Structures are given as structure tokens and as C-alpha cells.
Amino acid sequence: MASILGLATLSMAAHAADAKRETFGSMPDGRKVDAVVLSNAHGMTARIIALGASIQSLATPDRNGKSANIALGYATLADYLGNPQYFGATVGRYANRIAKGKFTLDGHAYSVPVNNGVNSLHGGSKGFDKVLWTVGEVKHDADKASVTLSYASPDGDMGYPGKLTATVTYTLDEANHLSIDYRATTDKTTIVNLSNHAYWNLSGEGSGSVMEHRLTIPGEAYLPVDAGSIPTGEIRKVAGTPFDFRQAKPIGRDIRTNDVQLLNGHGYDHNWVISKDEAPALRVVARVEDPASGRVLTLKSSKPGLQFYSGNFLDGTTVGTGGHVYRQGDAFVLEPQLYPDTPNQASFGSARLEPGHEYRNLIVYEFTTESARGAH
């Protein structure tokens, strides 16, 4: 009996959560780019690369137990360097847009690079998605596996004030939850808004359109934008508009509606108002179901805003990890964050971070499956 118990213990240990460190390639200056593969006993794996502290791939089973990668990405480091697309990347210092690349903080005017028309997007021309993060602690036990990466952005980097020290911890547990825990501190008053820009296709990376995926966003309002995708300042109710996802509906049901907001964003590329202020605890900010595979993604965060992007600018020129070409609407992005352009719009709250305080954005993706007749 003892030997049987021993074998059972060894078998369970062999299939428990694990974390393995690998090398993904080398930067042009010779610095090594690490990768860490997190896995659990249920066939789920997440590969994190140090460039941009990014999710390169995430494989999870469908309703029939068949695992597939559902995150868009590139197969090689050269592709990430040659044609950056924010695939799975950490975006910052300020995720989303800052109008005209300008903001004022305590009476001082700051300019950051404009890289999206006349506006600044995701921190500027060399945001956190394009820098090499340092892989720190890699650990695992029977219940979860994790990796922590860090990056120190010097005072004045991309025009932002203060030395910002940022960390992100990716954790995969045995309940098929992937959590992303962003934290940051500063030595001078600054602004910060970090999020993850994972592109998802629950049918499988490179499998085609996500327009039949059913999306729920429990937001009563959204932020209309101008032609440059900067919020106008209005908070508009979603009721009676194509932006009403309070009840699950296919992403593509209303996307071709002749609505000026869909024209401005070339589809959905807007911030939903989940709450006025940050919530005291995690809550569901989105749920996506794929009728074809049965995969379900439930997203939790405490941040007040959620940017939903429907893959409008995937233009058929990108070849992904599986060798397939990505076209418009082949993925969706959901980014929990502060509202876009908050530093310039007082009614949106504050993006300030003071010395002695810690910024945090905890994002949790829960992956489950659903049969044709309901959940199981």
C-alpha cells in the first residue's frame, strides 16, 4: 500500500503546476531575452517573454478537452522587433491615449512622444511594450506557478517625470486562472496607467474571425471619442446604442451599424465606464463565450474603465505563431485601466502616483468551458 501511495504522490507532483525558464533569443545589442512557460495539471500553459513582459501564447482546452493557443503573437523575436503590434504586451507608462502628447502636473507642462496621429499611445514611441524587462523570481508549487518581471523607467523617460519602478507577476493556478499583477512606485510625482494588451481568439489563434464570440460588458455607459480616438469628455449611456453589451451578444452584431462612433474607431475601440472610481475589490468587467469551441473567458479587475478593441487594424500583413495571417476582426482586446486621457480631463479622476505610494492593477482571466446546452 505504501508503494502505491508513493507512486500516486509522484504522479500528482509530476502533473502539478510548473514554471520553466527558457531563452527566446537575443536583442541586437546581445542581451538575452528570457521566456518562462507556466503550466498546470489541466492542460493550460502560458508562455511569457521578457520583451514587453508579454504573453506570447496561452493554450487552454476546449469543451472536448483539446488544447489550443488562443493568444495572438509572433513565433520569433525578430518579428516582435521588426513589426511591433502590442501582442500580449504590458503597455505603459500610460496605457491608451494622451491627447496631443501633452499634460500638466502640478503646474509643470510635460510632452511625451506622439505615435498615433497627433496623440500619444501606450506610453509613446518606446513604451513599456518595447523594452526588455528583467526576469526575477520564477517559482511553482502544487497549486500555482508564477514569474515576476521588473523594469525601472528613468526620470524623463519618454518625457514622463520620475523614476518609475514597475513589476508584473504572472500567476497560473490549478483553477485555470491567469492573473497579472502590475505594481509601480515612483521617486517623483508622476502619472501611471499600466495594462495588458493581449489579443484573444477563443477558437484558436489564427482560426479566423471573432465576430461570433458573445461578449458581455456590465457597463451602463461608455466614452465617445473624436476622430483621433480621444474621449470628448461626455459619458454616454449605452442603452439603445451598438455599445450596449449588458446582455451577451455577438461582437459583430452591430459593428457595421452606421454610427459615427464606430466610424471614428473603425469598429469598437472605446472605453466602457465600469464605475466612476476604482472598486475596493475585484469584480467581473467582461465575459466572452465562443460557441464554436465552448471556451469562456471571464475577466476581473477593480479598475474603473475597460477598453474594448475589436481588432480593427489587423490588416492581413501579419503572420502569427501558427503560420496564419491575421486579418481585421480576428481577435479582441480587453484592457482594464483608467480612462483614456485622464491627465487632461479632470472629470475622469486622477492618474497621479506620489512617492511613498504604490500603483496596482490586478487583472484576472478565468478560463472555463461551456457545452452547447450550458455550463459544466
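Provided above is the structure to which this section pertains.
These remarks concern the structure in this document. (Residues numbered from 1 in each chain as written. Predicted model: local features only at pLDDT ≥ 70, side-chain atom pairs only at ≥ 80, totals over all residues. Heavy atoms only, no water.)

### Digging into the overall build of the protein chain
Thought 1: Scanning the protein chain for helices and strands turns up three helices and 31 strands.
Thought 2: Taking 376 residues into account, the globule formula puts the C-alpha radius of gyration at 21 Å, and the protein chain, at 20 Å, falls close to it.
Thought 3: Over its C-alpha atoms, taken along the principal directions, the protein chain stretches across nearly 75 × 45 × 40 Å.
Thought 4: By the burial criterion, 56% of the 376 residues in the protein chain qualify as buried.
Thought 5: A fraction of 66% describes how many contacts in the protein chain between residues 6 or more apart in sequence connect residues 24 or more apart.
Thought 6: Accessible surface, the protein chain as shown: approximately 15,500 Å² in total, 52% of it carbon and sulfur.
Thought 7: Of the side chains in the protein chain, 35 bear a positive and 38 a negative charge, and the two mean positions are spaced by 1 Å. (Helix = DSSP H or I, 4+ residues; strand = E, 2+ residues; numbered from the N terminus. Rg over C-alpha atoms; globule rule 2.2 N^0.38 Å. Buried < 20%, exposed > 50% of the residue type's maximum accessible area, 1.4 Å probe, protein only. Contact = heavy atoms within 4.5 Å. Areas by Shrake-Rupley, 256 points an atom, 1.4 Å probe, with all protein chains shown as cover. Lys, Arg positive; Asp, Glu negative; His and termini not counted. Charge placed at Lys NZ, Arg CZ, Asp CG, Glu CD.)

### Here's the deal with the pattern of salt bridges
Thought 1: One pass over the full model with this rule turns up 22 salt bridges.
Thought 2: Here Arg21 makes a salt bridge to Asp34, at a shortest N to O gap of 3.0 Å. Within this pair, whereas Arg21 is found in strand β1 (residues 18-26), its partner Asp34 is found in strand β2 (residues 32-39), the two being separated by 13 residues in sequence.
Thought 3: Close ionic contact of Glu234 with Arg236 constitutes a salt bridge, the shortest N to O distance being 2.9 Å.
Thought 4: The class for Glu234 is partly exposed, based on a relative accessible area of 35%.
Thought 5: Judged by relative accessible area, Arg236 falls into the partly exposed class, the value being 28%. (Salt bridge = Lys/Arg side-chain N within 4 Å of Asp/Glu carboxyl O.)

### Focus: the packing of aromatic side chains
Thought 1: Using the criterion set out here, one finds 26 aromatic pairs in the structure.
Thought 2: Their ring planes at 40° and their centres at 5.9 Å tell us that Trp133 and Tyr151 sit as a pair that is tilted. On the criterion of sequence distance, the pair formed by Trp133 in the loop between β10 (120-121) and β11 (134-140) and Tyr151 in strand β12 (residues 144-153) is long-range, its members being 18 residues apart. The pair formed by Trp133 and Tyr151 is uniform in burial state, with each residue classed as buried. (Phe/Tyr/Trp six-rings, centres within 6.5 Å; stacked < 30°, edge-to-face > 60°.)

### Observations regarding the sheet that holds strand β28 (residues 332-337)
Thought 1: What the six strands build is an open sheet, ordered β17-β28-β25-β22-β19-β20; its pairing is antiparallel. Edge positions in the sheet fall to β17 (199-200) and β20 (236-237), since each has one partner strand and no second.
Thought 2: Alignment of strand β19 (residues 221-223) against strand β22 (residues 269-273), held across three bridges, turns out to be antiparallel. Bridge pairing links Tyr222 to Trp272 in β22. (Pairing = 2+ DSSP bridges.)

### Remarks on the sheet that holds β1
Paired through their backbone hydrogen bonds, the strands of a sheet run either parallel or antiparallel.
Thought 1: With respect to topology, five strands assemble into an open sheet ordered β1-β2-β3-β4-β5, the strand pairing being antiparallel. The sheet is open, and its two borders are formed by β1 and β5 (67-69), each paired with just one other strand. Each adjacent strand pair in this sheet contributes to an overall mean axis angle of 20°, direction not counted.
Thought 2: Here eight bridges tie β1 to β2, and the two strands are oriented antiparallel to one another. Bridged to Ala19 within β2 is Leu38. (Axes fitted to C-alpha atoms, helices over the stretch in contact; angles between N-to-C directions.)

### Points about the environment of Thr134
Thought 1: Its location among the elements puts Thr134 in strand β11.
Thought 2: Classification of Thr134 by relative accessible area gives partly exposed; the value is 48%.
Thought 3: In this structure the C-alpha to C-alpha distance between Thr134 and His357, which are 223 residues apart in sequence, comes to 22 Å.
Thought 4: Filtering out sequence-adjacent residues up to four positions away, Thr134 remains in contact with Thr148, Leu149 and Ser150.

### Points about the pairing of β22
Thought 1: β22 sits mainly inside the fold: five of its five residues count as buried.
Thought 2: Neither face of β22 is exposed, since Asp269, Asn271 and Val273 on one face and His270 and Trp272 on the opposite face are all buried.
Thought 3: The pairing of β22 with strand β25 (residues 305-309) spans five bridges and is classified as antiparallel. Residue pairing in the sheet places Asp269 in a bridge with Tyr309 of β25.

### Structural notes on unusual backbone geometry
Thought 1: A cis amide bond, omega 5°, links Gly92 with the succeeding residue Arg93.
Thought 2: A positive phi angle, near 70°, is found at Ser229, a position not held by glycine.
Thought 3: One can find Ser229 in the loop between β19 and β20.
Thought 4: For Ser229, a relative accessible area of 9% gives the class buried.

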